[in-house]
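# Close look at the chain arrangement
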6 protein chains.
Amino acid sequence: MILRIDRLQTELPPPSDPDPEGAAKVQELMGGRFGEMSTLMNYTFQSFNFRHRQGARPFYDLIANIAAEEYGHIELVAAAINTMLTGASDDDQAPKAALEGARNAAVNPHHFIAGGLGALPQDSRGMPWTGDYVFSSGDLIEDLTHNFFLETGARNNKLKVYEMCDHPAARALTGYLLVRGGVHQVAYARALENLTGANLMKLFPSPRIPTAKIPECQPFLKTGEDRKLYRFSPNDYREIIAVFNGPHPETGEELIVVDEAPEGAPPNDLPPQPAVFAPSAAPEEIVEIAQKLRLAAGLPNEPTGVVANDGSGLIGKVKNKLT
Amino acid sequence: MILRIDRLQTELPPPSDPDPEGAAKVQELMGGRFGEMSTLMNYTFQSFNFRHRQGARPFYDLIANIAAEEYGHIELVAAAINTMLTGASDDDQAPKAALEGARNAAVNPHHFIAGGLGALPQDSRGMPWTGDYVFSSGDLIEDLTHNFFLETGARNNKLKVYEMCDHPAARALTGYLLVRGGVHQVAYARALENLTGANLMKLFPSPRIPTAKIPECQPFLKTGEDRKLYRFSPNDYREIIAVFNGPHPETGEELIVVDEAPEGAPPNDLPPQPAVFAPSAAPEEIVEIAQKLRLAAGLPNEPTGVVANDGSGLIGKVKNKLT
Amino acid sequence: MILRIDRLQTELPPPSDPDPEGAAKVQELMGGRFGEMSTLMNYTFQSFNFRHRQGARPFYDLIANIAAEEYGHIELVAAAINTMLTGASDDDQAPKAALEGARNAAVNPHHFIAGGLGALPQDSRGMPWTGDYVFSSGDLIEDLTHNFFLETGARNNKLKVYEMCDHPAARALTGYLLVRGGVHQVAYARALENLTGANLMKLFPSPRIPTAKIPECQPFLKTGEDRKLYRFSPNDYREIIAVFNGPHPETGEELIVVDEAPEGAPPNDLPPQPAVFAPSAAPEEIVEIAQKLRLAAGLPNEPTGVVANDGSGLIGKVKNKLT
Amino acid sequence: MILRIDRLQTELPPPSDPDPEGAAKVQELMGGRFGEMSTLMNYTFQSFNFRHRQGARPFYDLIANIAAEEYGHIELVAAAINTMLTGASDDDQAPKAALEGARNAAVNPHHFIAGGLGALPQDSRGMPWTGDYVFSSGDLIEDLTHNFFLETGARNNKLKVYEMCDHPAARALTGYLLVRGGVHQVAYARALENLTGANLMKLFPSPRIPTAKIPECQPFLKTGEDRKLYRFSPNDYREIIAVFNGPHPETGEELIVVDEAPEGAPPNDLPPQPAVFAPSAAPEEIVEIAQKLRLAAGLPNEPTGVVANDGSGLIGKVKNKLT
Amino acid sequence: MILRIDRLQTELPPPSDPDPEGAAKVQELMGGRFGEMSTLMNYTFQSFNFRHRQGARPFYDLIANIAAEEYGHIELVAAAINTMLTGASDDDQAPKAALEGARNAAVNPHHFIAGGLGALPQDSRGMPWTGDYVFSSGDLIEDLTHNFFLETGARNNKLKVYEMCDHPAARALTGYLLVRGGVHQVAYARALENLTGANLMKLFPSPRIPTAKIPECQPFLKTGEDRKLYRFSPNDYREIIAVFNGPHPETGEELIVVDEAPEGAPPNDLPPQPAVFAPSAAPEEIVEIAQKLRLAAGLPNEPTGVVANDGSGLIGKVKNKLT
Amino acid sequence: MILRIDRLQTELPPPSDPDPEGAAKVQELMGGRFGEMSTLMNYTFQSFNFRHRQGARPFYDLIANIAAEEYGHIELVAAAINTMLTGASDDDQAPKAALEGARNAAVNPHHFIAGGLGALPQDSRGMPWTGDYVFSSGDLIEDLTHNFFLETGARNNKLKVYEMCDHPAARALTGYLLVRGGVHQVAYARALENLTGANLMKLFPSPRIPTAKIPECQPFLKTGEDRKLYRFSPNDYREIIAVFNGPHPETGEELIVVDEAPEGAPPNDLPPQPAVFAPSAAPEEIVEIAQKLRLAAGLPNEPTGVVANDGSGLIGKVKNKLT
């Protein structure tokens, strides 16, 4: 089972100019064959189906733990897409640009019709993610070979989306995911080396562009995010250190296991978009009901959740009304 | 992001007689339109796309927190399917019955060919789960209406699978999921009542079979699992108490928020199935490598992971060999 | 079985400026998960599969009769799409604007390649409608819960398409469908209330925009189309009056059963589009053959079908040629 | 638009021994590429998209009118499937054989899980019907060529299902559909001949088995159903006589247009199946509510609908209870 | 089995201005229901499944031989798409126009993300080709009826793509395919005539536009490509002459069997596109390795393959570096 | 383009006892994600999309040439499936066992309904092959990584099908394909080693079962089929020798390029199956027409095609009739 923490694994910029064309492209990183739904669900099912876990514990722990990190990745991709589909301010509750973009441009019509300017489990063509993207043969060497290939394809697609989108949220997202995806690529290569002796480190980088050349990756290289594997569990998956060690194939620096999850950052509270009824055509109605329910339940005056921005626009208005 | 805990939300029986026919049916609860992949991903995307969270915090917390519980549900369904596809002992490493069942019977051929006798994100027809099963309109009332309907359909399907399968793992699974699904059905109905005033409690139970009549639900009714909403987070989602309260529609007992995750139970370590190469055609090879890597990493002699059964069969043999 | 009447349920404007971008969006109301193919086929299959009809006759009649109305809705959506893909005149047989729009713009390429500038059973992404959109559990309360949710989602999508398209045909279409969809939403809510006692009327309107605020709905509100349920059968489905009665949830006015189908309006006869070979690259050839066949069969000189416009352009030319 | 008549186009036998294996096969005639959903929707969309109807009226009328008949065909296929999935009596409300068949045998699991022992828009593999089965090019000659091929494929599949199933309902169904499908095959061939001069009558029969050799077709050959085209409209589609005339390709007898719909037969009222909650796990509850609503609405004591069998089982019990 | 020849069946122009919008449309001719993947795979499977080949040899040979030609057609479509997605020169290794087109315009995003500016087995919507497009009933007359219809639909789609695209590669492609597709249409019509006596030649042309009116078809009409059936085998399929003979339905000229494959033309060697890592972000690295491997294997100094253009850009640079 | 040779790459046994259950399983090797349609189409598209072929010629030649071999593999899989669906003799034209198997057993119903007892581009679930199984990124290293993984998954599935089926045709098929697939696995590993230096040979065998342990592989190991790469072209792809060389990873024996295609074997001429109309319900009608056409075209008395068995059953009867 999981515990959920209401923070993003890395900071994303607040909404600025909406970019529905870009958001449609970023969907590939969500619901494409090599998107984060695929990495999440491949490793999740492989961990669920892992037989003789005790006997092969370090490998089980590795796959199960990376699966946990991937949940944070679909969360980040969704946050970036939502950000790119948002107008800059909740004072202006129907940001014209976003609406017109989503309505008229050559973009995913489902962002407007089905998604309420939100992310969907679809790829850049608007095609839904499918369970047939999951490979879980049960054969450990084969699953790891797959995972190495999957991360390679994922790196390719992240680079492509990086090139196609220059919205700050897309760039922050891909800069981070390229670094973290690289860590997983290394982890699976190391696991295969340990099991077979094949020196897969020579395959890096694939595609042939070192992360060091990508400006948006720099902040994460400085803090060593390219060689750390976090342990995403209070008490479990301790044996990842048996596999994730040795030098990084590109930099030669030592790989590190960090014995806890990253600190992360609070998400932005994105403003309502009443034109798509998100969260309502009359959002202040919900705010008012929510406020009453909170008080009745003995909760404090201010929302207990932490967000990056103020996020209190409508709340303030409603409070004034209630008092 | 999430933290992962290597325990199941409830106890499942160890493998007994394999039941590939039943396992093919249980897949509906994994990858069907009303399966746990659907509940997980619907609530996950709705939480990702939730706008003005601060203003509507109790509702955001409710959806986000139930999403977290659902991850544990796909884990349970997978564990049940794996159990039903397993022979009873790892001494007999190629349980004939399971193999012949999976090979010859009128069951999902992918359990043998693609899945290594493991669970897959497919339904009972063998069709993959698709992202188009996700409804995330951004309109809170509409999303909640959907969620209430989704849980109703899910309850129907759990009852059907309960009727179709008498394998102990399927029965334990559906007994538990019927109770927990009922809680979510109530939670969404309550949220809708709070937002609109509609007294949806009158719709219970749907289908018209009270959980109290199902023997496998009894253990969970005794401990009140039918009226508890657990908080699956170290620090977040505290405002669920603002929505989940009042009397249970069927029993009249008070709904309760439990301020932590359930204790759960360790999973069974399922034996290798070399005939499908899971985790290898020569599993002792992996065990040996794993043991060496563990020692090199300074890990203790015994695996650090906790499992319900002994699970040490092959490990012992390998240790003897290493010493 | 059915009898077919060659009239539309409401009047649509004749072709004006073509709007292929809009037509691609309107496809969601045809082949989307919440489009009219879905409402038609859900209620059709539920009526086909309805067990113990005699015992539950009013509910059977309700679902079967609404299914009949929905056939007229797919017809209307198709007519709107065809209108939006048409040039204004059959004198100008290859309307440049339409062609260039369909050819070059970011629209559904199948409108040009597969559809001959006609409607297709696809959604706004160009993805085909699928039978898996049909929910027919056989459980009456559950099917009605589904239908209420389906109409809610359909209302959302109609509002979205209304916002995205300002072509007169799209506006006339959505104005009408919003009103009629609202009637079905009420009908299913009433049926659920009757069966369970839940006061679902409080859920209206969903989304939170009253139909009264939408200009294109006005003509239909004036004639009370928002509270009439027509009986689409010469002799059957008489028991709908047992369910569809009481006050309208938004206006408080009494719901009414009209004991026959609406009068409707003749369709426009849309001009040939020879550039896409519809009905031919040389349409006058067909007209000539048709005219000869009509005469040989003893049919009158003029076509027996009734259309809204003249529609005789090519016929005149051919007649001159024949005489 | 349409008017719906609550009768089947031909009589089907009442339920006897359930046959879930056969029902799974018959689904091909519902939702397969060449099933009745395909014929219905192909002709429906072709009629919706037909340009210059006045100029080509006889061909428009032909396609539109056959579309209307096809609605009755999906109804018949559904009725046959429901019949084959039913136990023989509503006194025995959970017919063991049907349940065990549907539960355990190698059949479509969705008949039990998703369909409540009812028909679904799926094929014999359980795969959903898709809008991509619709061909509507707008080019009249091409659409007719397609329709001729579609009816040929449909005839093939009906023969195959005839061979695979010996349940009386499947045999009655295929006997009837083979004859009626043959009429449509002839109609489209005639239309093509009229437009081009190609003597397609030489292609009959395809496959090379004359309908006259199939016992279950005999009753319909005797009444000439193989050469009659019914007009399924109160007032429209009168010009079909301009195309559907001349000798039948196999018998040489004259083709006939019948100026009204066939009389048909009332459907059987199939008994509840409480084990799948159809229409409820407690059907008498629904019957009681229905009866009250009927009386409140001033409807007569007995249900107004006409069914082939008595169908009053539960009603009687409830009436006794009410009085 | 097959032998492969590294030549195209006809000459295509070298890259000029890139045209990603057009390339997205041409995909319909690759992966659409009526694209070349469909013709290839339909005839291939029909030949694989052909029973009693000796008894029906001329028909088997006809289908098997046309299948062989179709492989060359998917190759041509792929070459045209690649050409349209390419910048004009490999000196300018990241042709801005192509990139910006593919990145920003309303085109298939997979051309950039998944395809490396290459062709994919998708249609113009970006939807993948599916095996369900294959019709292989085993019934010879029915399969031929299908094939005639398939070629008719294919001709329609080629005409549509011809109209939608004016890139020289698209025009050269469609000009050629229209002529060759016409030959196959005739071949299947002839086969049906031989088997049944139906004079299908009267159905030509369908759509009603003679190939002679299309400028880009002229070069191929001059050399009689519209009436030649090539034999694509060193020794087999000799009995096609028993079916493919008689007059061409449009021109009256005699049909001809050519007893070998056409000469064809060498393909253009398309320049690297490092921005999409095709064949690498650092292509000179690959060239250098390739050159070394060639020399080590005793191959001549120059590549042994023949291409239409020089194609030696990078090779020269690398050679200078190696010496 | 290609030339087609009417021979199989290896000999298959003639039909014996039909095995529809097995045939349904073998479909995975045809249309599954790792089936031969996938290997064929992946390498075909990669060769079509290969940029700067001259500069990277040895790698282009390798991929293009293996693509050619794969065509022969889909042919072999189809032949095996057809064989397994056939009765043993054409004297007994409706082999009861096959029919009843296909009709009644829990197998792919499309083998009977859609396929005329022939192979289809579907997997073992009956789901169609899809173009989304093709990976063609244009990045050479990444495509090769994919291909190595694809061959690994294919080897897994061949081993599984080997275990599940003991029909002689399935065993002969998988014995051969395991050996040839192994060659391709080695070829792609070698290519990657050459490009990057990674010693992938250590990954063999995967799964961990040496081909040498499989009896049905023995005949092919004896003749060295496990280390030969055939050149499937009259004149092209000569540079494969630059990559395919060095020792075999399992045996250490030298890899060999054979400068021509293998000799192969003639296919069996499978008997008609009139019950599924293949090639007709009245096959002798076709044989008679074919014979007349052959004579009219000046072809010799006996069919020119070569088959493994006599195959003249019906021909003889017809000849007697004609004389």
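Here we summarise the structure given alongside this text. (Residues numbered from 1 in each chain as written. Chains lettered and ligands numbered in written order. Predicted model: local features only at pLDDT ≥ 70, side-chain atom pairs only at ≥ 80, totals over all residues. Heavy atoms only, no water.)

### Considerations on the packing of helix H2 (residues 36–48) of chain A against helix H3 (residues 57–84) of chain B
Note the cut-off: Interaxial angles span 0 to 180 degrees and are taken between N-to-C directions of axes, which are lines fitted to C-alpha atoms, for helices over the stretch in contact. A run of DSSP states H or I qualifies as a helix once it reaches four residues; a run of E qualifies as a strand once it reaches two. Both are numbered from the N-terminal end. These descriptions rest on fixed angle ranges, namely under 35 degrees for roughly parallel, over 145 for roughly antiparallel, 65 to 115 for roughly perpendicular, and the rest for oblique. Here a crossing is taken to be left-handed if its near helix is turned anticlockwise relative to the far helix by less than a right angle, and right-handed if that turn runs clockwise. Whether two residues touch is decided by their heavy atoms; if any such pair falls within 4.5 Å, the residues are in contact. Classification convention: Asp, Glu, Lys, Arg as charged; Ala, Val, Leu, Ile, Met, Phe, Trp, Tyr, Cys, Pro as nonpolar; all other residues, Gly among them, as polar.
Their axes nearest at 9 Å, the elements H2(A) and H3(B) cross at an angle of 45 degrees. The orientation of H2(A) relative to H3(B) falls into the category oblique. The way H2(A) lies across H3(B) gives a crossing that is right-handed. From H2(A), A:Met41, A:Thr44 and A:Phe48 reach across to H3(B), where they touch B:Tyr71, B:Ile74, B:Glu75, B:Ala78 and B:Asn82. Its residues assigned to classes, the contact of H2(A) with H3(B) comprises five nonpolar, two polar and one charged.

### Quick word on the interface of chain C and chain B
Stated precisely, the cut-off is as follows: Joining two parts hides part of their accessible area as seen by a 1.4 Å probe, and the buried area is that hidden amount summed over both. Salt-bridge detection follows one rule: a side-chain nitrogen of Lys or Arg within 4 Å of a carboxyl oxygen of Asp or Glu.
At the junction of the two partners, chain C supplies 31 residues and chain B supplies 31 residues. At the boundary of chain C with chain B, total buried surface from both sides reaches about 2500 Å², with 56% on carbon and sulfur atoms. Per-residue buried area on chain C facing chain B is highest for C:Arg33, C:Asp132 and C:Phe149; these three make up 22% of the total on that side. At the surface where chain C touches chain B, the tally comes to two salt bridges. Note that C:Arg125 is salt-bridged to B:Asp132, the shortest N-O span being 3.0 Å.

### Quick word on the pattern of salt bridges
Oppositely charged side chains may form a pair once their charged atoms are brought near each other. Operational definition: Classification of residues uses two cut-offs on accessible area relative to the type maximum, computed with a 1.4 Å probe and protein chains only: under 20% is buried, over 50% is exposed, and between them is partly exposed.
One pass over the structure, following the stated rule, counts 90 salt bridges over all chains. Here E:Arg171 makes a salt bridge to E:Glu216, at a shortest N to O gap of 3.4 Å. Of this pair, E:Arg171 sits in helix H7 (residues 168–196) while E:Glu216 sits in the loop between H7 and helix H8 (218–222), and the two are 45 residues apart along the sequence. Its relative accessible area of 18% is what places E:Arg171 among the buried residues. Through salt bridges with shared partners, a single ionic network connects A:Asp6, B:Arg57 and B:Asp61.

### Description of the side chain of A:His110
Quick note on the threshold: As used in this structure description, the phrase polar contact means that two N or O atoms lie within 3.5 Å; if the pair is within protein, one of them must be able to donate a hydrogen and the other to accept it, and residues adjacent in sequence are counted only when both atoms belong to side chains.
Structurally, the position occupied by A:His110 is in helix H5 (residues 110–113). Within the local environment of A:His110, its side chain forms a polar contact with the side chain of A:Gln122, the two groups lying 3.2 Å apart.

### As for the packing of helix H1 (residues 20–31) of chain D against helix H3 (residues 57–84) of chain D
Residues and elements named next belong to chain D. Where H1 meets H3, the closest approach of the two axes is 9 Å, and the angle between their N-to-C directions is 170 degrees. Accordingly, the angle class assigned to the pair H1 and H3 is roughly antiparallel. Here H1 contributes Pro20, Gly22, Ala23, Val26, Gln27, Leu29 and Met30 to the contact with H3, which in turn contributes Ile74, Val77, Ala78, Ile81 and Met84. Partitioned by chemical class, the residues of the contact of H1 with H3 number 10 nonpolar, two polar and no charged.

### Quick notes on the interface of chain E and chain F
Every contact between the two is made by 104 residues of chain E and, on the other side, 104 residues of chain F. Taken over both partners, the interface formed by chain E and chain F buries close to 9000 Å², and the fraction arising from carbon and sulfur atoms is 61%. Considering only the side of chain E, the residues that lose the most area to chain F are E:Met1, E:Arg4 and E:Arg51, jointly responsible for 13% of the buried surface there. For the pair chain E and chain F, the interface holds four salt bridges.

### A short note on the packing of aromatic side chains
The cut-off we apply is this: For Phe, Tyr and Trp, where Trp contributes only its six-membered ring, two rings pair if their centres lie within 6.5 Å, and the inter-plane angle classes them as stacked under 30 degrees, edge-to-face over 60, or tilted in between. Whether a charge sits over a ring comes down to the Lys NZ or Arg CZ being within 6 Å of the ring centre and within 35 degrees of the ring normal.
Summed over all chains, the structure comprises 78 aromatic pairs over all chains. Both rings, one in B:Tyr60 and one in B:Tyr237, keep their centres 6.5 Å apart while their planes meet at 55 degrees; by these two values the pair is tilted. Linking B:Tyr60 in helix H3 with B:Tyr237 in the loop between strand E2 (228–230) and strand E3 (256–258), this pair joins segments that are 177 residues apart in sequence. In terms of burial, B:Tyr60 and B:Tyr237 fall into one category: buried. Judged by centre distance (6.3 Å) and plane angle (70 degrees), the rings of C:Tyr230 and C:Phe232 are edge-to-face. For C:Phe232, a relative accessible area of 0% corresponds to the buried category. Linked through ring pairs, A:Phe34, A:Phe135, A:Phe149, F:Phe34, F:Phe135 and F:Phe149 together constitute an aromatic cluster. The positively charged end of A:Arg171 is found above the aromatic ring belonging to A:Tyr162, 3.9 Å away from the centroid.

### Here's the deal with the relation of the copies chain C and chain B
Here is the rule we go by: Superposition of the copies was done by least squares, using only C-alpha atoms of residues whose pLDDT is at least 70 in both.
Overlay of chain C on chain B (RMSD 0.0 Å): rotation 180 degrees, translation along the axis 0.0 Å. The symmetry that links the two subunits is that of a two-fold axis. The C-alpha atom lying nearest the rotation axis in chain C is that of C:Asn199; the distance is 2.9 Å.

### Re helix H7 (residues 168–196) of chain A
All names here are of chain A. Using the following cut-off: Expected helix span is given by 1.5 Å per residue-to-residue step, counting one fewer step than there are residues.
End to end, H7 covers 42 Å across 29 residues, agreeing with the expected 42 Å (1.5 Å per residue, within 8%). Most of H7 is tucked away: 26 of the 29 residues are buried. Directly after H7, the chain includes glycine 197, whose backbone phi takes a positive value near 90 degrees.

### Re the relation of the copies chain E and chain F
For the pair chain E and chain F, the superposition axis carries a translation of 0.0 Å, the fit reaches an RMSD of 0.0 Å, and the rotation angle comes to 180 degrees. Looking at the interface residues of chain E, 99% of them are also at the interface in chain F, so both copies use one shared face.

### With respect to the nonpolar core
This is how the line gets drawn: Side-chain atoms within 4.5 Å link the members of a nonpolar core, which is a set of buried Ala, Val, Leu, Ile, Met, Phe, Trp, Tyr and Cys residues.
A:Met41, B:Met41, C:Met41, D:Met41, E:Met41 and F:Met41 are the most contacted members of the largest nonpolar core, which totals 329 residues. In terms of nonpolar packing, the next biggest core, distinct from the first, is built from 89 residues, A:Leu299, B:Ala191, C:Phe34 and C:Ala56 among them.

### What about the environment of B:Pro20?
Residues and elements named next belong to chain B. Mapped onto the elements of the fold, proline 20 is located in helix H1 (residues 20–31). Owing to a relative accessible area of 6%, proline 20 belongs among the buried residues under this scheme. Sequence-wise, proline 20 and asparagine 82 are 62 residues apart; in three dimensions their C-alpha atoms are separated by 9.7 Å.

### Observations regarding the environment of F:Gly175
All names here are of chain F. Inspection of the secondary structure assignment puts glycine 175 in helix H7 (residues 168–196). Under the relative-accessibility criterion, glycine 175 is labelled buried at 0%. Apart from the residues lying within four places of it in its own chain, the contact partners of glycine 175 are Glu216, Cys217 and Phe220.

Limitation: the analysis is restricted to geometry and does not speak to function.
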